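Geometric and topological summary
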Amino acid sequence: MATQSTGLHIVVVGAGAAGMMAAAVAAQSGARVTLLEKNTKTGVKILMSGGTRCNITHDTDSKGITEAFGHAKRFLQPSIGKFGPSDVIAMFHEMGVETKREETGKIFPVSNRAIDVRDALHQSMLDAGVRLELRCAVQSILPPSDSSRQWRISFEQNGCADEIFADRVIVTSGGRSWPGCGTTGDGYDWLRALGHTIVATRPALVPLVGGTNATQALSGLTLPDVNVSVFTPDHRSGKKPKVQRRSSWLFTHFGFSGPAAMDVSGVMTAYERIQDSVMRLDLVPELSEAELREVLGRRSGEAGKRTVANVLQQWVPSRLALAICEESHPTNANCKLAELPNKDANLMIEKLKRWHLPVNGTRGFAKAEVTAGGVKLSEVDPRTMQSRLAKGLFIAGEILDVDGWIGGYNFQAAFSTGRAAGLAAVQTDDA
């Protein structure tokens, strides 16, 4: 049965995950919807995400999702509470995209093809009647005035200036991460001009630059399970860390990457001097310091005849074992355990459980998966995504000051906030 038209015209700006979701929901609810996208195709970041596999959400409940967003946790509770991970999975199943859960809890399409996710969202909004305008770069968004009760959106399309009028506007133009996808922060200026505060933006879920000669020599080595702690200038070492994440880790020629490093990166970039934060790595989180000390203390009999490198290799890969030996004393690798000085054993335990790794910077927005900072959350209604400063303006997705962990959390937030905006925008005077 066709949905009865509301007579409202809604313009959505930005055809990413949040924008296509908002457009589809609004059209399905009876609005006439136009979606403006400056790229030549929709969902460019979707196509690149998850190594082109697209991690659409995470196997947890709504609370588990919001916990990943730090200061934005409470803001996201209403939208994610109404449309959580199980709802996203069900939605894609209805669209014909079967999903699978990986050991880490990440949810991917069974096909391992991000294009299947993008195509499903794209077709869903077209089927709902959304009018899609590509190569359409918005220049400004002006609110209703005395002479016009509608919003005016100015844009350039194929080199020509034009404008479109709307009863409601939903801005889902993204942040500044992966600018090659077209997310160059255009929306911040439009919303700032409408009175919104833009919290300073910075890269998040971004590889870290730093390390030592020893760590850079480990380039390409992946550790499946580490625990990384970050002590920021206001959380000094010895106290509870500002952030702690346990996941996989990758040593690179420039520093560090992988989920654990990227998850803590957003906290580190919040400080003007990233090098003032202390990053500490527990290479063997499943082992206690006492257990390590007991093994390294076996100096007699057959146990004492093993080389130190051989002992360490029962816990960490051989390349890493040799690096730890090198860091404590160059001769320790071939040293017999019975001959290992206690001070060197203590240094090895320190490296295994509390390896301090210097960080000098990040790979920047070009390699960041999400943007931290954005539209100040107190200026947006968390139930509807409507601006508290301009009635009829809705804001959803990464352009908001929200950034979560790696693992599908950020796509979940995009789907949930986009849906909330699309539903609320169709309502009339009480939107």
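Residues numbered from 1 in each chain as written. Predicted model: local features only at pLDDT ≥ 70, side-chain atom pairs only at ≥ 80, totals over all residues. Heavy atoms only, no water.

Put simply, the rule reads: UniProt positions are given in the numbering used here, feature names are shortened, and annotations may be inferred rather than shown by experiment.
Quoted straight from UniProt, the Cofactor (unreviewed entry) entry for the protein chain says "FAD".

**Overview of the overall build of the protein chain**
Spelled out, the test is: Runs of H or I in DSSP of at least four residues are treated as helices and runs of E of at least two as strands, each being numbered from the N terminus. With a 1.4 Å probe rolled over the protein chains alone, any residue whose accessible area is under 20% of its type maximum counts as buried; one over 50% counts as exposed, and the rest are partly exposed. Only heavy atoms enter the contact rule, under which two residues are in contact if any of them lie within 4.5 Å.
Looking only at helices and strands, one finds 14 helices and 20 strands in the protein chain. Summarising its shape, the C-alpha atoms of the protein chain cover approximately 90 × 40 × 40 Å along the three principal directions. Looking at the protein chain as a whole, 55% of its 431 residues are labelled buried. Considering only residue pairs separated by 6 or more positions, the protein chain has 71% of its internal contacts joining residues 24 or more positions apart.

**Things to note about the packing of helix H1 (residues 17-28) against helix H6 (residues 114-127)**
Quick reminder of the rule: Inter-axis angles, ranging from 0 to 180 degrees, are taken between N-to-C directions of lines fitted to C-alpha atoms, where helices are fitted over the stretch in contact. Convention used here: angles under 35 degrees read as roughly parallel, angles over 145 as roughly antiparallel, angles from 65 to 115 as roughly perpendicular, and any remaining angle as oblique. Take the far helix as the reference: if the near one is turned anticlockwise from it by less than a right angle, the crossing is left-handed, and if turned clockwise, right-handed. Gly is put with the polar residues, along with every residue not named as nonpolar or charged; the nonpolar set is Ala, Val, Leu, Ile, Met, Phe, Trp, Tyr, Cys and Pro, and the charged set is Asp, Glu, Lys and Arg.
Remark: H1 packs on H6, axes separated minimally by 8 Å, with the N-to-C direction vectors making an angle of 30°. The orientation of H1 with respect to H6, classified from their angle, is roughly parallel. Between H1 and H6 the crossing geometry is left-handed. Contacts from Met-20, Ala-24 and Gln-28 of H1 reach H6 at Arg-118, Leu-121, His-122, Ser-124 and Met-125. The residue inventory of the contact of H1 with H6, partitioned by class, reads four nonpolar, three polar and one charged.

**Notes on the state of the cysteines**
Under the convention used in this document: Criterion for a disulfide: a pair of cysteine sulfur atoms within 2.5 Å.
In the structure shown here, the tally under the stated rule is zero disulfides. Here Cys-160 stays unpaired: no disulfide links it, and the sulfur of Cys-136, its closest cysteine neighbor, is 11 Å away. Considering cysteine sulfurs only, Cys-54 is the nearest to Cys-181, which forms no disulfide, with 12 Å between them. With relative accessibility at 5%, the residue Cys-181 sits in the buried group.

**Topic: the packing of aromatic side chains**
The test is simple: Aromatic rings from Phe, Tyr and Trp, taking only the six-membered ring of Trp, are treated as a pair when their centres fall within 6.5 Å; an angle between ring planes under 30 degrees marks them as stacked, one over 60 as edge-to-face, and anything in between as tilted. Note on geometry: a ring has a charge over it if NZ (lysine) or CZ (arginine) is within 6 Å of the ring centre and within 35 degrees of the ring normal.
Inspection of every chain in the model, using the stated rule, returns seven aromatic pairs. Ring geometry for Trp-249 and Phe-251: centres 6.2 Å apart, planes at 70°, overall edge-to-face. Judged by its relative accessible area of 0%, Trp-249 falls in the buried class. Residue classification places Phe-251 among the buried positions, given a relative accessible area of 0%. Ring-pair connections join several aromatic residues into one group, and the members of that group are Trp-249, Phe-251, Phe-256 and Trp-355. Here the guanidinium or amino end of Arg-53 rests over the ring plane of Phe-108, the centre of that ring lying 3.8 Å away. Note that Arg-363 overlies the ring of Phe-254, its terminal NZ or CZ placed 4.2 Å from the centroid.

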